[in-house]
Amino acid sequence: MKQTIRTLLAKHGNLPVSIDDVADSADLYDAGLSSFASVQVMLALEEEFDIEFPEHLLNRKSFSSIDEIDAALTEILKEQAA
């Protein structure tokens, strides 16, 4: 799942650095992710995984790192499967 997240960040994140140079735990906002780009990434994730981010995950923390995005997606997918 993290590779898919990286691919979508590379395509929609408009980061000034290569996503390959960003650690999973690194702060994406420090790496150059803007609020607008985070929304674009969220929409791409929703389309890719056929999900919708619940309101409680629509915050800066949920998109602050690849690890955080992965955790949010895991939570959403587990809720869908239940």
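Residues numbered from 1 in each chain as written. Predicted model: local features only at pLDDT ≥ 70, side-chain atom pairs only at ≥ 80, totals over all residues. Heavy atoms only, no water.

Describing the overall build of the protein
And then number 1: The number of helices and strands found in the protein is three helices and zero strands.
And then number 2: Starting at the N terminus, the α and β elements of the protein follow one another as α-α-α.
And then number 3: In summary, the protein has a C-alpha radius of gyration of 12 Å against a globular reference of 12 Å for 82 residues, a match within 12%.
And then number 4: Expressed as lengths along the three principal axes of its C-alpha atoms, the size of the protein is roughly 40 × 20 × 20 Å.
And then number 5: A burial count over the protein gives 39% of its 82 residues as buried.
And then number 6: Here the contacts in the protein between residues at least 6 apart in sequence split such that 57% fall between residues at least 24 apart.
And then number 7: Carbon and sulfur atoms provide 49% of the accessible area of the protein, an area that totals close to 4,800 Å².
And then number 8: If you average the places of the 6 positive and of the 16 negative side-chain charges in the protein, the two averages end up 4 Å apart. (Helix = DSSP H or I, 4+ residues; strand = E, 2+ residues; numbered from the N terminus. Rg over C-alpha atoms; globule rule 2.2 N^0.38 Å. Buried < 20%, exposed > 50% of the residue type's maximum accessible area, 1.4 Å probe, protein only. Contact = heavy atoms within 4.5 Å. Areas by Shrake-Rupley, 256 points an atom, 1.4 Å probe, with all protein chains shown as cover. Lys, Arg positive; Asp, Glu negative; His and termini not counted. Charge placed at Lys NZ, Arg CZ, Asp CG, Glu CD.)

Remarks on the nonpolar core
And then number 1: Core analysis: the biggest nonpolar cluster contains 24 residues, and Leu9, Leu45, Phe53 and Ile69 have the highest contact counts within it.
And then number 2: Elements with a minimum of two residues in this core: helix H1 (2–12), helix H2 (35–49) and helix H3 (66–81).
And then number 3: Ignoring any residue separated from it by four or fewer positions in sequence, one finds Ile69 in contact with Ile5, Leu9, Leu28, Leu45, Ser62 and Phe63. (Core = buried A, V, L, I, M, F, W, Y, C linked by side-chain atoms within 4.5 Å.)

Here's the deal with the environment of Gly13
And then number 1: In this structure, Gly13 sits in the loop between H1 and H2.
And then number 2: Using a relative accessible area of 1% as the deciding quantity, one classes Gly13 as buried.
And then number 3: For the pair formed by Gly13 and Val41, sequence separation is 28 residues and the distance between their alpha carbons is 6.1 Å.
And then number 4: In this structure, Gly13 is in contact with Leu8, Leu33, Ala37 and Val41, ignoring residues within four places of it in sequence.

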